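The primary structure of each chain is shown beneath.
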Amino acid sequence: GLFYAVRAFLRRRRERPVEHGRVITIGSMAGVAPMGLHTGVSYSAAKASATNLTRYVALEAAPLGITANAIAPGTILTETVRKAMTQEQRDAVAA
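> Would you mind showing me how to read the environment of Val 32 here?
Here Val 32 is to be found in the loop between strand 1 (21-26) and helix 2 (41-61). You can call Val 32 partly exposed: its relative accessible area is 45%. Residues Val 32 and Lys 47, spaced 15 residues apart in sequence, show a C-alpha to C-alpha distance of 7.8 Å. The contact partners of Val 32, leaving out residues within four places of it in the chain, are Thr 51 and Ala 72.

> In this structure, what is going on with the packing of helix 1 (residues 2-15) against helix 2? I would like to understand it.
It is at 11 Å that the axes of helix 1 and helix 2 come closest, and there the two elements cross at 10 degrees. It follows from the interaxial angle that helix 1 and helix 2 lie roughly parallel. From helix 1, Leu 2, Phe 3, Val 6, Leu 10 and Arg 14 reach across to helix 2, where they touch Ala 50, Leu 53, Val 57, Glu 60 and Ala 61. A breakdown of the residues in the contact of helix 1 with helix 2 according to their chemical character gives eight nonpolar, no polar and two charged.

> Please explain the nonpolar core as it appears in this structure.
In summary, soluble globular proteins display a tendency toward joint burial of nonpolar side chains. Judged by nonpolar contacts, Val 6, Leu 10, Val 23, Val 57, Ala 61, Ile 66 and Ala 68 together constitute the single largest core of seven residues. Elements with a contribution of two residues or more to this core: helix 1, helix 2 and strand 2 (66-71). Sequence-distant contacts of Val 57, defined by excluding residues within four places in its chain, comprise Val 6, Leu 10, Val 23, Ala 62 and Ala 68.

> Would you mind going over the packing of aromatic side chains with me for this structure?
Two aromatic rings, taken as a pair, are described by how far apart their centres are and by the angle between their planes. For the coordinates displayed, the defined rule picks out one aromatic pair. Between Phe 3 and Tyr 4, the ring centres sit 5.4 Å apart and the planes meet at 75 degrees, which makes this aromatic pair edge-to-face. The exposure class assigned to Phe 3 is partly exposed, which follows from its relative accessible area of 44%. Look at Tyr 4 and you get exposed, because its relative accessible area is 53%.

> I'm lost on the pattern of salt bridges in this one. Help?
In total, this model carries one salt bridge according to the counting rule given. Across the pair Arg 14 and Glu 60 runs a salt bridge, and its minimum N-O distance is 2.8 Å. Taken together, the positions of Arg 14 in helix 1 and Glu 60 in helix 2 put the pair 46 residues apart, joining distant regions of the chain. Among the residues examined, Arg 14 registers a relative accessible area of 42% and is labelled partly exposed. Residue classification places Glu 60 among the partly exposed positions, given a relative accessible area of 48%.

How each quantity is defined
Residues numbered from 1 in each chain as written. Predicted model: local features only at pLDDT ≥ 70, side-chain atom pairs only at ≥ 80, totals over all residues. Heavy atoms only, no water. Helix = DSSP H or I, 4+ residues; strand = E, 2+ residues; numbered from the N terminus. Buried < 20%, exposed > 50% of the residue type's maximum accessible area, 1.4 Å probe, protein only. Contact = heavy atoms within 4.5 Å. Axes fitted to C-alpha atoms, helices over the stretch in contact; angles between N-to-C directions. Parallel < 35°, antiparallel > 145°, perpendicular 65-115°, else oblique. Nonpolar A, V, L, I, M, F, W, Y, C, P; charged D, E, K, R; others polar. Core = buried A, V, L, I, M, F, W, Y, C linked by side-chain atoms within 4.5 Å. Phe/Tyr/Trp six-rings, centres within 6.5 Å; stacked < 30°, edge-to-face > 60°. Salt bridge = Lys/Arg side-chain N within 4 Å of Asp/Glu carboxyl O.

These figures come from the coordinates and say nothing about function on their own.
Here is the structure:
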């Protein structure tokens, strides 16, 4: 998924350079720091991987005029998340 898409983009930019390019990935705070919620090791590992991939892309792609940034939203109160949280956790997220 993400790795193959970024690799294809960078290959194309090497063949046909542009003045500016952007790589924007979607991560999660679960991949950056331990969360109060148990999001699961697979989810957290995948999001940490996306964040680290973005960091390395930023370094590798900089000479091509390409920047790379990751968006890492915090908890989104979906019904599934609400069910997994205590009332105290829900109140803290809402504050």
